[in-house]
Amino acid sequence: MRKIALGIASAIVGGAMLLSGAGAAAAATKTDTQLKIRDITPNPVVVKAGAETTAYFDIGASSDVKKVELSVAPEGVRTLRAKDVKDLEGWRFAVGFTEGDATGKWSATAVAFDSAGKEIAKDTAFFSVELQKSKSETRISRFSADPYKIRKGKKIEFSGRLQVNDEGWEGVRGEKVNVYFRANGSSGWKWVASAKTRWGGKFYAETRAYKSGTFRAVFSGDDELQGATSRTDYVRVYGSWWRR
């Protein structure tokens with residue numbers, strides 16, 4: 001029964017990674033040599049800043065293949081050196097990618113050798129590496145629901161400012177902020193208004209007053225910005241019969 005080898009290597013910028021494994025097998029009938037990179041998971045390889053993502057390369061080979069070497073390298077970048085490899089089990093290879101590796105298209109090349117060390121087959125597959133940028137921190141400041149006491153049916157006006165932390169807090173323009181309401185005695189929040197942020201991150205919205213309760217503003221975030229929730233602000237609503 002053949003021994004299957006697994007190579008593990010970490011990627012380096014502008015460099016190729018070479019993974020190899022040797023296998024022993026019982027004598028078998030002669031067959032046509034086959035070698036195939038069957039799967040690359042995940043693809044694309046998405047790398048988070050400050051972390052490592054492992055990609056797995058699954059290779060299929062016929063019984064006359066006694067050793068497989070796998071190299072991976074970014075397309076268009078000159079190979080500098082191969083990486084040392086630890087042999088484990090399986091025609092399966094694991095490669096670690098970090099934010100220091102080149103992003104874009106990569107190639108994976110598998111080479112098969114017979115018992116005499118002669119190259120007998122080769123296969124190439126492609127995958128990509130992407131860097132997932134960390135999202136910037138945001139906050140909603142100066143949120144206010146006015147007036148704090150109002151007659152039922154009148155307008156409540158909301159204001160606030162959406163800011164991003166970019167080496168200091170700055171206003172964010174053109175983003176959508178939603179305002180939610182939780183009535184006295186209720187545990188759920190209900191949407192009541194939306195607004196787009198203006199110059200300096202300022203936003204304004206309004207709704208009609210029906211019940212006393214608490215309001216808050218929420219920014220859901222996007223591909224570059226984290227979400228944020230404002231402080232709450234309470235408004236007391238009284239009916240038309242109410243007199244001071």
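Draft legend 1. Highlighting the pattern of salt bridges. For the coordinates displayed, the defined rule picks out three salt bridges. The salt bridge involving Glu-69 is made with Lys-67; its shortest N-O contact spans 3.6 Å. Of the residues examined, Glu-69 reaches a relative accessible area of 21% and is grouped as partly exposed. For the salt bridge of Lys-155 with Glu-206, the shortest nitrogen-to-oxygen distance reads 3.2 Å. Taken as a pair, Lys-155 in strand E13 (residues 155-165) and Glu-206 in strand E17 (residues 202-208) lie far apart in primary sequence, 51 residues in all.

Draft legend 2. View of the environment of Gly-221. With respect to the element layout, Gly-221 can be found in the loop between strand E18 (213-219) and strand E19 (228-229). Look at Gly-221 and you get partly exposed, because its relative accessible area is 26%. Sequence separation of Gly-221 and Lys-176 is 45 residues, and the distance between their C-alpha atoms is 8.9 Å.

Draft legend 3. Broad picture of the side chain of Gln-163. Within the secondary structure, Gln-163 sits in strand E13. Within the structure, the side chain of Gln-163 is placed 2.8 Å from the side chain of Arg-139, a separation counted as a polar contact. Here the side chain of Gln-163 touches Ser-141 through a polar contact of 3.2 Å, side chain to side chain. Contact partners of Gln-163, with chain neighbours within four places excluded, come to Glu-137, Thr-138, Arg-139, Ser-141, Trp-169, Glu-170, Gly-171 and Val-172.

Draft legend 4. Representation of the pairing of strand E8 (residues 92-97) within the structure. Burial runs high along E8: five of the six residues are buried. Across six bridges, strand E5 (residues 53-61) lies against E8 in antiparallel orientation. Residue pairing across strands places Tyr-56 opposite Ala-94, the latter belonging to E8.

Draft legend 5. Region of interest: the environment of Gly-213. Here Gly-213 shows up in strand E18. Gly-213 sits 24 residues away from Val-237 along the chain, and the two C-alpha atoms are 8.0 Å apart. If near-sequence neighbours (up to four positions away) are discounted, Gly-213 is found in contact with Phe-181, Arg-182, Ala-183, Asn-184, Asp-233, Tyr-234 and Val-235.

Draft legend 6. Looking closely at the confidence of the model for the protein. Per-residue confidence for the protein gives a mean pLDDT of 83; residues scoring 70 or more make up 80%. Below a pLDDT of 50 lies the segment residues 81-88, which in the model reaches 28 contacts outside its immediate sequence neighbourhood of four places, other chains included.

Draft legend 7. Region of interest: the side chain of Ser-62. Here Ser-62 shows up in the loop between E5 and strand E6 (67-74). Of note is the side chain of Ser-62, whose polar atom sits 2.8 Å from the backbone nitrogen of Gln-34. A polar side-chain atom of Ser-62 sits 2.5 Å from a polar atom in the side chain of Asp-64.

Criteria and cut-off values
- Residues numbered from 1 in each chain as written.
- Predicted model: local features only at pLDDT ≥ 70, side-chain atom pairs only at ≥ 80, totals over all residues.
- Heavy atoms only, no water.
- Salt bridge = Lys/Arg side-chain N within 4 Å of Asp/Glu carboxyl O.
- Buried < 20%, exposed > 50% of the residue type's maximum accessible area, 1.4 Å probe, protein only.
- Helix = DSSP H or I, 4+ residues; strand = E, 2+ residues; numbered from the N terminus.
- Polar contact = N/O pair within 3.5 Å; in protein donor to acceptor, adjacent residues only side chain to side chain.
- Contact = heavy atoms within 4.5 Å.
- Pairing = 2+ DSSP bridges.
- pLDDT = per-residue confidence, 0-100.

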